[in-house]
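Here are the chains, one letter per residue:
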Protein chains: 2
Amino acid sequence: MKQDTSGNRPTPTLEMVAALAGVSRATVSRVVNDVPSVDEDIAAKVRQAILAVNYTPNRAARSLASRRPNSVTLIVPESMSKVFADPFFASVVQGVALYLADTDYTLNMVIASEAKPEKTRAFLLGGNVAGALVVSHHAGDRSWTHLSDYIPMVFAGRPLGESASYYVDVDNEAAAAGATRLLISNGRTNIATIAGPQDMPPGIDRISGWRLAMAEAGLDDSLVEYGDFTLASGAKAMRRLLGSGKPIDGLFVANDQMAAGAYTVLQERGLRIPQDVAVVGFDDDSFATSVNPQLTTVHHPIIEMGKKMAEILVDLIEGKDTARVTQIPTSLVIRESA
Amino acid sequence: MKQDTSGNRPTPTLEMVAALAGVSRATVSRVVNDVPSVDEDIAAKVRQAILAVNYTPNRAARSLASRRPNSVTLIVPESMSKVFADPFFASVVQGVALYLADTDYTLNMVIASEAKPEKTRAFLLGGNVAGALVVSHHAGDRSWTHLSDYIPMVFAGRPLGESASYYVDVDNEAAAAGATRLLISNGRTNIATIAGPQDMPPGIDRISGWRLAMAEAGLDDSLVEYGDFTLASGAKAMRRLLGSGKPIDGLFVANDQMAAGAYTVLQERGLRIPQDVAVVGFDDDSFATSVNPQLTTVHHPIIEMGKKMAEILVDLIEGKDTARVTQIPTSLVIRESA
DNA sequence: TTGTAGGCGTTATCAC
DNA sequence: GTGATAACGCCTACAA
């Protein structure tokens, strides 16, 4: 870091800009905040001065004077961050950050220690934060919902059970049904599914979508096995499915990672994808394309989710009323497996 | 959010605590900041009052009055965040957040748009941030180094070429050499490597470590192919390696993901791991354990890296002098592949 | 449309 | 050891 020896000017303040432009601080403040009622000539002069001294508003002073925090917090439950390398997390953050970049809000992150939740609570309720976003996979991490009573909060994903909180999610059920219909329209009739955990909304909704589509088509929906969204569990479930002895020519898997697991056992049994069994996954993550043949799957727009979450939070903060649940559209990515 | 109707108390201030405790604001401030010269009886009374009104210091006011920012920024280059699902990123963030949780600093994140870098620059130099952390894979993203002249900065990973900046990294070369030595001590003599891109420090250092160990043992180091750290590139490199016709009984791969790629072709050729060819990877990420047989690899302590980065940054901010480069130790995780 | 002035919640410098 | 009292940099009635 540069030595603080001699020639260091102080960071420019409103005052300095005002002096240089020959106006009052109030006026400079107005142009900085885009208040319309400023004479354009003066505004121009002020802007010039701002550039000249390289002025940047002091966020702390701003927040203090305006009596409103200018940052929003992203809460990451500790349990989640323990999952080494979570793709979901990184993408949501990215979306959130992208959206906030165009606002005056700053994004800060806390990982919520389950050991001392009061700390996080105090941080959020201390008046230092305008709103909060909660990203987690597990329904148990909904322990923050009650804070919605005091500060705007938006969650990622539908909560388990009823809840009055705001959240954004994809329509897992509809997307799963769509994926299944693809299999059906391809002429498959013995369609199995590898479902996710039934204590997580995505697990529940995705199998429910599969059932929906199967019922529509009058097909048998008894071919189901469960996994926990991991690759290994997908392989095991596939083994059980095959072990039943019943014919299978189509497979809907609740996420791509389990689909990759299913691939391995399908292929070790000599079953060809998609000729013998067509498979479609869910999420469109890195597993979908790293597998061979590449997986046809439901695209889960995580970055968009992040953006939307941020957008809704800002709306909430600024008092606009918005819908409690917002679903963002998915799409089917047709590749080689179905 | 709760309606702002009637019964809403204002957020408690120092003033209110002072009144309740029957002391001056100055005294309350002292106990809040752990200034030693406070009578213990009075301090106790103040603490009680703090609890009573549920007081939380206003960070903006604090920052303003103390003339020092209380947040540090994590910069994520846009190019990096585009990599869908980056495990490295999530873990570094986690480490950073964990460390900062015990300090008075708040962590905020910006994704640096390459379109308008001035924006990020202004944010960092505007005096609103005490220091910054840069996490990226690519050497090109070192465009922030020059800011080190104005504000404390710490980077993740050794920069390409010389640089006067602070960074924390693992000793890639030593670790790679260690991994290779394991192969050698297991009696392998025809050891190939799948190296990473040679324009990235980890790519460079890891192959260099392999060469080191091979030279030590007097082994031939001509069996090398390059990948770009992706699974697919690992598979391709393996194909080329095998295509050379030379015998191979050991393989060091510059990261686990490429190792997973190599697995697929090794196995489709009927080569057994580790019997026919023993393989060791690098990173110890999720690929290492999702592959069969599980991969022996170098454990890359990413979370620790994050913690260390934050620690160094805080030291820098507080004026302590610290070493410019700090390397954190790796370890070899012996599983089934070597 | 512009300027004046008070205040936001803390810290920090003084006296006491 | 404790308490006034100025800042800190900015916003915002209110007045002009």
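So, how was this worked out
Residues numbered from 1 in each chain as written. Chains lettered and ligands numbered in written order. Predicted model: local features only at pLDDT ≥ 70, side-chain atom pairs only at ≥ 80, totals over all residues. Heavy atoms only, no water. Near = heavy atom within 4 Å. Polar contact = N/O pair within 3.5 Å; in protein donor to acceptor, adjacent residues only side chain to side chain. Axes fitted to C-alpha atoms, helices over the stretch in contact; angles between N-to-C directions. Helix = DSSP H or I, 4+ residues; strand = E, 2+ residues; numbered from the N terminus. Parallel < 35°, antiparallel > 145°, perpendicular 65-115°, else oblique. Left-handed = near helix turned anticlockwise from the far one by under 90°. Contact = heavy atoms within 4.5 Å. Nonpolar A, V, L, I, M, F, W, Y, C, P; charged D, E, K, R; others polar. Least-squares fit on C-alpha atoms with pLDDT ≥ 70 in both. Pairing = 2+ DSSP bridges. Buried < 20%, exposed > 50% of the residue type's maximum accessible area, 1.4 Å probe, protein only. Arc of directions from axis to C-beta. UniProt positions renumbered as here; feature names shortened; annotations may be inferred.

Participant: Sorry, what's going on with the protein's contact with DNA strand D here?
Facilitator: Near DNA strand D you find 28 residues, and of these A:Leu14, A:Tyr55, B:Thr27, B:Ile42 and B:Arg67 are the closest. When the atoms of DNA strand D within 4 Å of the protein are grouped by moiety, sugar and phosphate amount to 62% of the total. Separating a phosphate oxygen of DNA strand D from a side-chain N or O atom of A:Arg62 is a distance of 3.2 Å.

Participant: Is there a simple way to think about the packing of helix 10 (residues 231–243) of chain A against helix 11 (residues 256–268) of chain A in this case?
Facilitator: The geometry of a pair of packed helices is captured by two quantities: the angle between their axes and the separation between those axes. Residues and elements named next belong to chain A. It is at 6 Å that the axes of helix 10 and helix 11 come closest, and there the two elements cross at 45 degrees. When the axes of helix 10 and helix 11 are compared, the pair comes out oblique. The two elements helix 10 and helix 11 cross, and the hand of that crossing is right-handed. Only Gln257, Met258, Ala260, Gly261, Ala262, Thr264, Val265, Leu266 and Glu268 of helix 11 make contact with helix 10, whose side of the interface consists of Leu231, Ser233, Gly234, Ala235, Met238, Arg239 and Leu242. Here the residues of the contact of helix 10 with helix 11 sort into 9 nonpolar, 5 polar and 2 charged.

Participant: Help me understand the relation of the copies chain B and chain A, please; the structure alone is not making it clear to me.
Facilitator: Two copies of one chain are present, and they are related through a rotation about an axis combined with an axial shift. Between chain B and chain A, the superposition needs a rotation of 180 degrees and an axial shift of 0.2 Å, giving an RMSD of 0.2 Å. On the angle and the small slide along the axis, the relation comes out as a two-fold axis. Taken as a fraction of all interface residues of chain B, those also at the interface in chain A reach 100%, which identifies the copy contact as same-surface.

Participant: When you look at the sheet that holds strand 9 (residues 278–283) of chain B in this model, what are you seeing that I'm missing?
Facilitator: Within a sheet, adjacent strands bond to each other through the backbone by hydrogen bonds, running parallel or antiparallel. Residue and element names in this part refer to chain B. Taken together, 6 strands build an open sheet; the order of strands is 7-6-8-9-10-12 and the sheet is mixed. Edge positions in the open sheet fall to strand 7 (224–226) and strand 12 (331–333), since each of these has one partner strand only. Looking at each pair of strands side by side, their axes are set apart by 20 degrees on average, direction ignored. In the sheet, strand 9 pairs with strand 10 (residues 296–299) via 4 bridges, with the strands oriented parallel. If you follow Val280 over to strand 10, its bridge partner there is Thr296. Contacting strand 6 (191–195), strand 8 (250–253), strand 9 and strand 10, helix 11 (residues 256–268) runs over the sheet at an angle of about 155 degrees to strand 9.

Participant: Please clarify how helix 7 (residues 117–125) of chain B should be interpreted in this entry.
Facilitator: Working note: α-helix, 3.6 residues per turn, so residues spaced by three or four point in the same direction. Along helix 7 of chain B, the residues classified as buried are B:Thr120, B:Phe123 and B:Leu124. What you see down the axis of helix 7 of chain B is that its buried residues fit within an arc of 95 degrees, all on one side. Structurally, helix 7 of chain B contributes buried residues whose contacts are with helix 4 (59–66) and strand 2 (106–112) of chain A together with strand 1 (71–77), strand 2 (106–112) and strand 3 (131–134) of chain B. Backbone geometry just downstream of helix 7 of chain B places B:Gly127 in the positive-phi region, at approximately 85 degrees.

Participant: Which parts of the structure should I look at to understand the pairing of strand 4 (residues 153–156) of chain B?
Facilitator: One face of the sheet, then the other: side chains in a regular strand alternate in exactly this way. All names here are of chain B. On strand 4, burial covers both faces: Met153 and Phe155 on one face and Val154 and Ala156 on the other are all buried. As defined by bridge partners, strand 4 adjoins strand 5 (residues 166–170) across 3 bridges and the pair is classed as parallel. Bridging across to strand 5, Val154 finds its partner in Tyr166.

Participant: I would appreciate a short explanation of the UniProt feature "domain: HTH lacI-type" (unreviewed entry) in chain A in the present structure.
Facilitator: The UniProt feature table records "domain: HTH lacI-type" (unreviewed entry) at residues 12–66 of chain A. Annotated as residues 12–66 of chain A, this span is 69% helix and 0% strand, and its ends, taken at the C-alpha atoms, are 20 Å apart.

Participant: Mind showing me how you'd approach the sheet that holds strand 5 (residues 166–170) of chain A here?
Facilitator: With mixed pairing, the 12 strands of this open sheet are ordered in space as 11(A)-5(A)-4(A)-3(A)-1(A)-2(A)-2(B)-1(B)-3(B)-4(B)-5(B)-11(B). Among the strands making up the open sheet, the edge pair consists of strand 11 (325–328) of chain A together with strand 11 (325–328) of chain B. Between one strand axis and the next, the sheet turns by 25 degrees as a mean value, whatever way the strands run. The sheet contact formed by strand 3 of chain B and strand 4 of chain B spans 3 bridges and is parallel. Its bridge partner being in strand 4 of chain B, B:Ala132 is matched across the sheet by B:Met153. Against the sheet, helix 7 of chain B engages strand 2 of chain A together with strand 1, strand 2 and strand 3 of chain B, with an angle of about 160 degrees to strand 2 of chain B.

Participant: Would you mind going over the side chain of B:Thr297 with me for this structure?
Facilitator: Residues and elements named next belong to chain B. Structurally, the position occupied by Thr297 is in strand 10. The class of Thr297 is buried, set by a relative accessible area of 0%. Polar contacts involving the side chain of Thr297 include one to the side chain of Asp256, which spans 2.7 Å. Not counting residues up to four positions away in its chain, the partners in contact with Thr297 are Asp256, Val280, Gly281, Phe282, Asp283, Asp284, Ala288, Ser331, Leu332, Val333 and Arg335.

Participant: Any chance you could explain helix 4 of chain A here in plain terms?
Facilitator: Considered for burial, the residues of helix 4 of chain A that qualify are A:Arg59, A:Ala60 and A:Ser63. For helix 4 of chain A, the angular spread of the buried residues around the axis is 100 degrees, confining them to a single face. On its buried face, helix 4 of chain A is in contact with strand 2 of chain A together with helix 4 (59–66) and helix 7 of chain B. For helix 4 of chain A, the N-terminal cap is A:Asn58; the gap from its side-chain oxygen to the backbone nitrogen of A:Ala60 is 2.8 Å. Downstream of helix 4 of chain A by a residue or two, A:Arg67 has a phi angle that is positive, lying close to 55 degrees.

Participant: What exactly am I supposed to notice about unusual backbone geometry here?
Facilitator: A negative phi holds for most residues other than glycine; trans holds for most peptide bonds. Backbone torsion omega between A:Asn292 and A:Pro293 reads 0 degrees, so that peptide bond is classified as cis. Residues B:Ile273 and B:Pro274 are joined by a peptide bond in cis, for which omega reads 5 degrees.

Participant: Would you take a moment to explain the pairing of strand 10 (residues 296–299) of chain A for this structure?
Facilitator: Sheet topology note: the strand 10 of chain A/strand 12 (residues 331–333) of chain A ladder contains 3 bridges and is antiparallel. Bridge pairing links A:His299 to A:Ser331 in strand 12 of chain A.

Participant: Looking at this model, I keep getting lost on the environment of B:Thr296. Mind explaining?
Facilitator: Residues and elements named next belong to chain B. By the secondary structure assignment, Thr296 is in strand 10. The exposure class assigned to Thr296 is buried, which follows from its relative accessible area of 0%. Through-space distance from the C-alpha of Thr296 to that of Leu313 is 33 Å; in sequence the pair is 17 residues apart. Ignoring sequence-local partners within four residues, the contact set of Thr296 consists of Leu182, Val279, Val280, Gly281, Val333, Ile334, Arg335, Glu336, Ser337 and Ala338.

Participant: Help me understand the protein's contact with DNA strand C, please; the structure alone is not making it clear to me.
Facilitator: In the region of DNA strand C, 28 residues are neighbours, and A:Thr27, A:Arg30, A:Ile42, B:Leu14 and B:Ser29 sit closest. Taking all atoms of DNA strand C within 4 Å of the protein, the share assigned to sugar and phosphate is 65%. Within the backbone of B:Asn58, a nitrogen or oxygen atom sits 3.1 Å from a phosphate oxygen of DNA strand C. The set of elements that each furnish at least two residues to the surface near DNA strand C consists of helix 2 (25–32) and helix 4 of chain A together with helix 2 (25–32) and helix 4 of chain B. Taken together, the residues that form the surface near DNA strand C break down as 12 nonpolar, 9 polar and 7 charged.

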